[in-house]
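Report on the structure
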Amino acid sequence: MCVLTPDNGDMTGTTFLASPAGPVTLQVTAVTGSVLFDQTATVVKDSTGKQVAGTSFPAPDTYSFTTSAGQSYTLETGYICVPPNSTGELNEAGAGCIQLSDILSSTLAQTFTIKA
Amino acid sequence: MKTTSSILVAAALAMLSSWATAQQITNEQCKEHFVEYRNGYRTATEHLTNAETQLTRQQATLQDPAATQLEKQQALQDLLATQTKKQQALQDQGKYQRLFAQFLNLSEQAGCMVNLILTAYPGEVQKALRTQLFLGFVSTAEKQAGSSSSTAGSTDLISKNFTSRLLSVADQYGALTSSTSGQTTTISGSLDQLFTAIEGASKGEFTECAVKTVPGAGCLNSGIVSFLGRVSYSTSLDLSQPSTITGTAAGTAQGGTQQVTGTQGGNSFALSQFTAKFYIWAQTPTKQDLANALKQSSYDDTSALTARNKLVVIQTTSDKSGAWTTWLRDAAGPDVAGNLLTSSDETIDADLAAKIRNLIDILAPGSSDPDEAKAAAARKPLIQAALAYSGSLASIAKDERTLYDKAAWAKPILTLEYDYNTPSNQPTNSTLRLIWGQSLKSWKMTGNVAGSIYNSIPSSLIPGSGRLRDIQAGVEADHNPYNLGSSLTATFSAAYYFQDQTSPAILNVTPSSPISGVTFTGLSSTATQVFTQKGKIHVGQLKITLGNSSSGWKFPIAITGSNRSELITKSTIGAQVGISYDFDSLFSGKK
């Protein structure tokens, strides 16, 4: 089930609303080559800057975490493109779910805000 | 037909027009996406306008008292379909607007924004780069000066006879691998290693095109780099070749003594073997293969992430007053006059250049100072941070390619190998070999078939001789190391090798100058070549290698048996033991 929608009030295009609160699964979809999450650089932090517990990488291209209603989170993602000219998209996992961003060979890392 | 042609021509022109925009984005991926977002937003807007026009018409039909029931039913169906289209167009508009805003954000698409920032002031970028490269060169020169002198067993090329500085530098940077065993130095590597070595040291001045963010920097297409990675080479140089010393008498003899001046002649090294390998086919590694290779690698992007974070901090700091957010709204907001998302293709280059200069003024306050020196000084930290990111991207690309190669090599692979052999006291020969490698659960299987020919036709006086020297086949199975506890590991392997010696093995001899280690009895004083019997050779080997993963030593024990060898026609069986120590392990983990 898709839970993320864009926050249209955010000009930067980096804020997404999670409704209902609960598990969120993100997936990197390769367009060319292979793109994996850099597991050391991918992390979700709560509003106090503390890492959220219970996050996981079910697969090298998938990242899961859980949100609580009323909370705001900072999602930092890192990517590894192999070979280096690989590109991809960061999507919420599931058919028809939202695309959060494009991943280019020169992207390396991104930062998003998730509001539950 | 004419209409179709016109549409095609118009579409082609539109495409050319789209690609002609955003000339200052020199990174192809960034440019492609910049254009895609603009075109995507434009198309979504057209779809939205069309949908709204259709909805108006369909609603009018529904409310038209003159419309038939059938027409109203059709209009209702169309209206529902159009509402879906409108919804889709709105979503697409939102998506492209979002992705476009991210494109202009250093925390989302750092590489593309760095590319744009560096394009704005090319002169200052080149100056900063020259300084970086000079400092890098000085550092390298210092490293070379510290190389050890020539000693037996040294692994550094600079200490050997062929004092090629280029090779030495290449070795230091990882463009090739050199090793010395006794008097034989082997240089090996793959063709892409030279490229990746330069890439890693170039601070972004020379890299794969996909990660090129410095305008005017050299780059190589990733496809070419991949192709170069398919070719590897290995060449062995025998450093024990005799060199002659010629003494020329100087002065007059004093009794039984006389001074001479010595000069050295002859080759001090000779090519012993050259091997080229080209991998013909390899299975594409899966994501799990790549993840496994990553776990076993020393991939570290900390410095790249630090460089990116520095840029993000610059942007965040500039936004304390809201200046950056305002800039982004002006640049990416479709309703703001002069924005970059909806501006025309004719003006986008100028608009983009102006907006980037505005941005630099926000990120580096004072960079629009009328005093050019002060302005350049204000921009310097930003340009240096951008260049640091570019350099780290090149370095990361090198590691990512290594990672990919590592994962690819773990998959089934078919390789073609060419060997040029110059064995001591034997005619030179060439071997063409097909190698198949595959992992099967805990076993790594390798199979070979090969044919070897003499490089020149052997003497017709040698009975049974021919151009084809031999054909070979072999198979080897290596079990993954067993962990015996306390870092002790044991690796088992079994190998079988078959060689059909279709032409006798030939030795070149000079009776007056015997071959070291070979004694002939009853050899004619006029013989220049000796040969042995043809036949089939079977060799089998069982090997166990004990090792310690933490201390770096290895202790191989092997039992080898054969029915004969090339020179000796009697069966042999023997045991071999050895010990090796990796001195690098002394320093691992102490960086």
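Residues numbered from 1 in each chain as written. Chains lettered and ligands numbered in written order. Predicted model: local features only at pLDDT ≥ 70, side-chain atom pairs only at ≥ 80, totals over all residues. Heavy atoms only, no water.

Overview of helix H11 (residues 323–332) of chain B
Residue and element names in this part refer to chain B. Within H11, the full set of buried residues consists of Trp324, Trp327, Leu328, Ala331 and Ala332. Projection of H11 onto a plane perpendicular to its axis shows the buried side chains occupying an angular sector of 105 degrees, all on one side. Where H11 is buried, its residues meet helix H3 (69–103), helix H4 (110–120), helix H10 (302–318) and helix H12 (348–363). (Buried < 20%, exposed > 50% of the residue type's maximum accessible area, 1.4 Å probe, protein only. Helix = DSSP H or I, 4+ residues; strand = E, 2+ residues; numbered from the N terminus. Arc of directions from axis to C-beta. Contact = heavy atoms within 4.5 Å.)

Notes on the interface of chain A and chain B
Counting from both sides, the interface comprises 36 residues of chain A and, opposite them, 43 residues of chain B. Of the roughly 3,300 Å² buried where chain A meets chain B, counting both sides, 61% is carbon and sulfur surface. The largest per-residue losses of area from chain A upon contact with chain B belong to Met11(A), Ser106(A) and Leu108(A), which jointly make up 21% of the total buried on that side. Linking chain A to chain B there are 1 salt bridge. Scanning the region where chain A abuts chain B turns up 16 residue pairs in polar contact (both at pLDDT 80 or more). Counting residues per element, the ones that place at least two in the side of chain A that touches chain B are strand E3 (23–37), strand E7 (72–92), strand E8 (99–103) and strand E9 (109–115) of chain A. (Buried area = accessible area lost by both parts, 1.4 Å probe. Salt bridge = Lys/Arg side-chain N within 4 Å of Asp/Glu carboxyl O. Polar contact = N/O pair within 3.5 Å; in protein donor to acceptor, adjacent residues only side chain to side chain.)

Some details on the nonpolar core
One finds Phe103(B) and Leu104(B) to be the most contacted residues of the largest nonpolar core, which totals 70 residues. Ranked by residue count, the leading element in this core is helix H13 (residues 372–409) of chain B, at 12 residues. Among all residues touching Phe103(B), those that are not within four sequence positions of it are Ile25(B), Cys30(B), Phe34(B), Tyr37(B), Gln109(B), Cys112(B), Met113(B) and Leu116(B). In this structure, Ala18(A), Val44(A), Val52(A) and Leu90(A) belong to the second largest nonpolar core, which totals 23 residues. (Core = buried A, V, L, I, M, F, W, Y, C linked by side-chain atoms within 4.5 Å.)

Brief notes about the environment of Gly189(B)
Mapped onto the secondary structure, Gly189(B) falls in strand E2 (residues 184–190). Judged by its relative accessible area of 12%, Gly189(B) falls in the buried class.

With respect to a nonpolar patch on the surface
All names here are of chain B. A contiguous nonpolar surface patch, about 680 Å² in accessible area, is contributed by Ile280, Trp281, Leu416, Tyr418, Leu432, Leu434, Trp436 and Val449. The biggest single contributor to the nonpolar patch is strand E10 (residues 429–440), with 3 residues. Its location among the elements puts valine 449 in strand E11 (residues 443–454). (Patch = residues over 30% accessible without salt bridge, like charges linked within 9 Å, V, L, I, M, F, W, Y side chains within 5 Å. Areas by Shrake-Rupley, 256 points an atom, 1.4 Å probe, with all protein chains shown as cover.)

Considering the pattern of salt bridges
All names here are of chain B. Under the counting rule described, the total for this entry stands at 16 salt bridges over all chains. For aspartate 419, the salt bridge identified is with arginine 433, shortest N-O distance 2.8 Å. Taken as a pair, aspartate 419 in strand E9 (residues 413–421) and arginine 433 in strand E10 lie far apart in primary sequence, 14 residues in all. The structure contains a network of salt bridges with shared partners spanning Lys277, Glu417, Asp419 and Arg433.

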